[in-house]
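# Secondary and tertiary structure notes
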Amino acid sequence: MLYNRSLPLTALIFTILFTAEFISAESAAQEAIHDRDIDIALAGLAGGISHFEPQQYNVFDKRSSPTGTYTPGNVTCPNMASLVRNATSLAANETQYIENRHAQTSPYLIEYLDRLNLTDFNATDFLVDTNLTVGIAFSGGGYRAMLSGAGFLAAFDDRTPNATDAGHVGGLLQSATYITGLSGGSWLVSSLAINNFPTIDELQASETVWDISESILAPGGWQLASTADYYSQIIQDVDGKQEAGFRVSLTDYWGRGLAFQLFNYTDGGPSVTFSDIRNLSAYQDYSMPFPIVVADGRPYNTNVVSLNSTVYEINPYEIGSWDPSLYAFAVLEYIGTNMTNGHPVDNAKCVKGYDNAGFIIGTSSTLFNQFILQLNSTGIEGILYEAAAAVLGALSSKELDISLLDPNPFYGVNRDISYMYNETELTLVDGGEDNQNIPLLPLIQPVRQVDVIFAVDNSADTNYSWPAGWSMTATYDRQFSSQGNGTKFPAVPDRNTFVGLNLTARPTWFGCNASNITGENGGTTVPLIVYLANHPWSYYSNTSTFQLSYETSEVEGIITNGYNIATQGNGTVDSEWAKCIGCAIIHRETERRNSTPTAECQACLAKYCWDGTVIGATASNKTEQPGLVLASSSTSDAARMVAVRSVVWGALCLGVVVAAGLL
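Residues numbered from 1 in each chain as written. Predicted model: local features only at pLDDT ≥ 70, side-chain atom pairs only at ≥ 80, totals over all residues. Heavy atoms only, no water.

Here G149 is to be found in helix 5 (residues 142–156). By relative accessible area, which is 0% here, G149 ends up buried. When the C-alpha atoms of G149 and N561 are compared, they prove to be 9.7 Å apart, with 412 residues separating the residues in sequence. Ignoring any residue separated from it by four or fewer positions in sequence, one finds G149 in contact with F138, R144, L188 and N458. (Helix = DSSP H or I, 4+ residues; strand = E, 2+ residues; numbered from the N terminus. Buried < 20%, exposed > 50% of the residue type's maximum accessible area, 1.4 Å probe, protein only. Contact = heavy atoms within 4.5 Å.)

Structure follows, in structure tokens:
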């Protein structure tokens, strides 16, 4: 582990400066702060980047950016009938990848299931001529979500030391077909995809990525020269894009900062695009799950909730939505091209390099744009603040969380249904803004035929920043709206029941009985959901979403806690848990065959399936701080101090906001 940090005096000074700036801010800037961002002042104690000299190393032999910089460039248009298609099926490229990925996952899945020694079950016979599709979804929640999710990934990865021992669940990642993330979860998914599918141990040990000991806003601490160089590079990159005739947004700056922190390329890989994932060896040999990140469409001057949002997914091939408000996908590699109804206005001039990898994950996490607006204007940060303010001068304070894609790739597409038909710009926001903080929609699309989804929830629903299942209820409710488009989701309880029955304190399965789901083939096309919520097993991992820096002990504590949740304490709490995961994976196919689950699997279903019980009281996010599941005197005391610090600073930030007159 190469994380090194003590609580710096710099952070305290920055917090004081930040608070003073916050209180004296213009009312327009104050309006940009959402009610849920009351602890934003915690940014001064929180974190981001300390390495400014990444390895002079790149894993790409070729890249999509024709300029070799952050600036997109012109190229000859491809010989394609259209750069936009209707969402009637999977893209041919994705279909091909999944077919080849299944050839990789099936042997791993057989190996995993055989290792479990399930009674009365033969994995080879069961999977002959059958491919099971496993999805893993990582919620948003800032660095908390990234680190806690990393613990789950480490547990699922058979490359992690001891992950295939008894009681562990290593091999699930190798058996997965899809992996999705939004906001902080997209940082995790992209850290894997863009860096050629490293292990979590490798990311932790790296000297060039995942050092979050200093803030992304003040990455050099007292080393002002380093900070100045960092900002100068970011501003130069974004200026280049703007000078080439492309409009930019605050997300361009935010995304470049994330890239410095998460991607193992010189200067964060300014020319590395999301579509470049296709050129990586781990992608070309189909050894990584198909990666998808999620953002929400939000036109100017509107609010989005789960019932009306247009949910966009971005994968190495395409960007678009299955929702009836768009129902189209554009070739990701060529966004930035001026098109009408999917056809370039000038066939001799298309654009490549617009889908910068940092810009894409910044788009999925635009909630954090607010941090840039609160930079201390009296210091080095003022350079970035002034540049961003100049760029966004035409936008109102309520539009500062957008990611701007101009021109709109869906202009003139699907005239009768698309809300983007006449829009010259595409505006996207944080994938969790519609309250669907777990990126489940891509995985419940019937065309993907997913059998089981492992839904990792690191949301901050409660007053103590623990999940309360609210994302699950939002996705469930959405199916009954016009945006649901007939896509089914298993029944889940109300918010209060999630907390009241402690469904977030242990794994809970939803959709265990397909016959109770109205849908094609008796509901067997609807995936089983294995819900795994952040909970204090060995560490209080409920840090603020807006905490941007972490000490070594915090990083290791949160990752280890995620590992313990995924393995149920390495099987010490439930020695049958690994077997139960195997039962969850095969359950839908068992139902499709009208077969009776084995006695072991029936026991797992009885133990983990939600039985339909509801409490029915009014939903509330007010809960008690739970105790550690794997408590010891030393770890409990240290972990509780982290939780107390978070609560204390949260209260301080609330006081700052009240003093500023925002509440």
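On we go.
Scanning the entire structure with this criterion turns up four disulfides. Sulfur-sulfur distance for the disulfide between C77 and C350 comes to 2.0 Å. Taking the torsion about the S-S bond as the criterion, the C77 to C350 disulfide, at about 105°, is right-handed. Of this pair, C77 sits in the loop between strand 1 (73–75) and strand 2 (84–86) while C350 is found in strand 11 (residues 350–352), placing the two residues 273 residues apart along the sequence. With respect to class, C77 is no different from C350; both count as buried. Residue C583 pairs covalently with C601 via a disulfide, S to S 2.1 Å. Taking the sign of the S-S torsion, about -80° here, the bridge from C583 to C601 comes out left-handed. Pair noted here: C583 is in helix 18 (residues 577–592) and C601 is in helix 19 (residues 599–608), with a separation of 18 residues, a long-range link. With relative accessibility at 5%, the residue C601 sits in the buried group. Indicated for the protein chain is the disulfide connectivity 1-2, 3-8, 4-7, 5-6, based on numbering the bonded cysteines in sequence order. (Disulfide = S-S within 2.5 Å.)

Turning our attention to the nonpolar core. By size, the foremost hydrophobic cluster in this structure holds 155 residues, and its most contacted members are L113, W210, M472, W509 and I585. The element that contributes the greatest number of residues to this core is helix 5, accounting for nine residues. In contact with L113, not counting residues within four places along its chain, are L118, F121, A123, L127, G582 and I586. Core analysis: the next-biggest nonpolar cluster, separate from the first, contains six residues, L83, Y334, M339 and C350 among them. (Core = buried A, V, L, I, M, F, W, Y, C linked by side-chain atoms within 4.5 Å.)

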